[in-house]
Amino acid sequence: MANIIKLLPDHVANQIAAGEVVQRPASVVKELLENAIDAGATSIKLIIKDAGKTLIQIIDNGKGMSETDARMSFERHATSKITSADDLFNLSTKGFRGEALASIAAVAHVELKTRIHKNEVGTRIEIEGSKIITQEPCATPVGTSLAVKNLFFNIPARRNFLKSNNVELRHIIDEFQRVALAHSQIVFAMFHNDGEVFQLPAGNLKQRIVGIFGGKTNEKLVPVAEETDIVTIQGFVVKPEFSKKTRGEQFFFVNDRFIKNAYLNHAVSAAFEGLLPDKTRASYFLYLTVDPSTIDINIHPTKTEIKFDDEHSLYAILRSTIKHSLGQFNIAPVLDFDR
Ligand code: ADP
Ligand code: MG
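Here the structure is a predicted model, which means the values were calculated and not measured. Every chain begins its residue count from 1, and numbering advances along the sequence as written. Each chain takes a letter, starting from A, and each ligand takes a number, starting from 1, following the order in which they are written. Local features in a predicted model are, by the rule used here, given only for residues with pLDDT of at least 70; side-chain atom pairs are given and counted only at 80 or more, and totals for whole chains, interfaces and linings are based on all residues.

1. Some thoughts on the packing of helix α2 (residues 25-38) against helix α6 (residues 165-182)
Here's step 1: Here the axes come from fitting lines to C-alpha atoms, over the contacting stretch only for helices, and the angles between their N-to-C directions go from 0 to 180 degrees. Helix and strand definitions here come from DSSP, where helices need a minimum of 4 consecutive H or I residues and strands a minimum of 2 consecutive E residues; each element is numbered from the N-terminal end. At a closest axis distance of 8 Å, the pairing of α2 and α6 adopts a crossing angle of 20°. When the interaxial angle is binned, α2 and α6 end up roughly parallel. Considering how the two elements wind past one another, α2 and α6 form a crossing that is right-handed. Of α6, the residues touching α2 (which contributes P25, A26, V29, K30, L33 and E34) are E168, H171, I172, D174, E175, F176 and V179.
Here's step 2: Split by residue class, the contact of α2 with α6 holds 7 nonpolar, 1 polar and 5 charged. With respect to orientation, any angle under 35 degrees is reported as roughly parallel, any angle over 145 as roughly antiparallel, any angle of 65 to 115 as roughly perpendicular, and every other angle as oblique. The crossing is said to be left-handed when, going from far helix to near helix, the turn is anticlockwise and less than a right angle, and right-handed when the turn is clockwise. What counts as a contact here is a pair of residues whose C-beta atoms, placed from the backbone, lie within 7 Å. Under the convention adopted here, Pro, Cys and the residues Ala, Val, Leu, Ile, Met, Phe, Trp and Tyr are nonpolar, Asp, Glu, Lys and Arg are charged, and Gly plus all remaining residues are polar.

This is the structure:
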């Protein structure tokens, strides 16, 4: 009986992994923004064309990569962020799976320019469908510029599945806002087809929220703050009378990572019980800080779901904290609160 099992070639394995990591232009935006943050950037610029279908470029002033690391960064399971499985339970970085750049390079034309502080010149790599086309020295500032062109050029089915530019742009803006809200101290800018979409200076959380959602947001916010053994909660909820009929602005961050969690969302709704106008939903910007060893982020490649050790206690604390904040605001004027 002949043996029939073979290891897949790297470029095929990368393309399969890309199916999970890169669903649409917005997924690329998320991964690249997170890499820039992990690199310690204090200023990050996002440039897109045609809702990311032809170009997604991120320019950061982070620590950059050496010539060798620049090549390595496109290998699957290649990462500078963890070295052992134990590190998974003490994460301080957004990335750790080492598969974003490998996946992106498998399904697009990528141009990387990067320089580390101690080098006078940087390096430039072109890579297409997992194949390095060129690597050469180049003049470039310290930091990294990564341009992703013609996403899914080699997977027509995937490309045809992309939605209209309006819809894809909406997804990109969602990801951009989530990252910008998680890092108010970092300067962000976003341009679409050469037009400025966002220009966000460094500031505190309230300034960042106002920078994104407009000046009128200021008077709608009620501060939330609580510190217990298992969680620190900071942020704002939007006063009930300003709640929206649509999905509203609902943001949960855990250790500065945007997450979706229906159970915790329910805790917030429960705190608003009896206060919301008919058919509207609460809006909130809530930042939970927990011991990294009490959560598991490695549930899904996109890392927007998290498993908490003690979800029930979190629910109770969140609900009572927000109830308390809303109650306080009913009797006293809103206190100013800097995150
Ligand atoms: P991960 O972020 O999970 O490590 P990626 O594929 O996103 O995996 O990136 C691989 C590696 O490339 C990172 O661990 C990092 O060392 C390096 N890298 C990626 N983007 C940047 C960047 N903007 N600046 C500096 N280094 C980067
Ligand atoms: Mg990454």
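2. Remarks on the sheet that holds strand β11 (residues 250-254)
Here's step 1: Two strands qualify as a pair provided that DSSP identifies no fewer than 2 bridges between them. One open sheet accounts for 5 strands, arranged β9-β10-β13-β11-β12; its pairing is mixed. The open sheet terminates on both sides in strands that have one partner only, identified here as β9 (221-227) and β12 (257-259). Averaged over all adjacent pairs, the angle separating strand axes in this sheet is 20°, with direction ignored.
Here's step 2: Summarising the sheet, β11 and strand β13 (residues 284-289) pair through 5 bridges and their orientation is parallel. Each bridged residue has a counterpart across the sheet, and for V254 the counterpart in β13 is L288.

3. Digging into unusual backbone geometry
Here's step 1: Positive phi is not limited to glycine here, since N193 has a value of about 45°.
Here's step 2: Inspection of the secondary structure assignment puts N193 in the loop between β7 (187-192) and β8 (195-200).
Here's step 3: Of note, K279 is a non-glycine position whose phi angle comes to about 60°, a positive value.

4. Observations regarding the domain arrangement of the chain
Here's step 1: Bear in mind that the domain bounds are from an automatic or database domain assignment. The domain boundaries assigned to the chain delineate domain 1 (10-200) and domain 2 (215-331).
Here's step 2: Distance between the C-alpha centres of domain 1 and domain 2: 29 Å.
Here's step 3: With 12 residues of domain 1 at the contact, the number on the domain 2 side is 11 residues.
Here's step 4: Of all the elements in the fold, those that place two or more residues in the side of domain 1 that touches domain 2 are α1 (10-21) and α6.
Here's step 5: No other element matches α6, which puts 3 residues into the side of domain 1 that touches domain 2.
Here's step 6: Residues belonging to the side of domain 1 that touches domain 2 are distributed by class as follows: 6 nonpolar, 2 polar and 4 charged.

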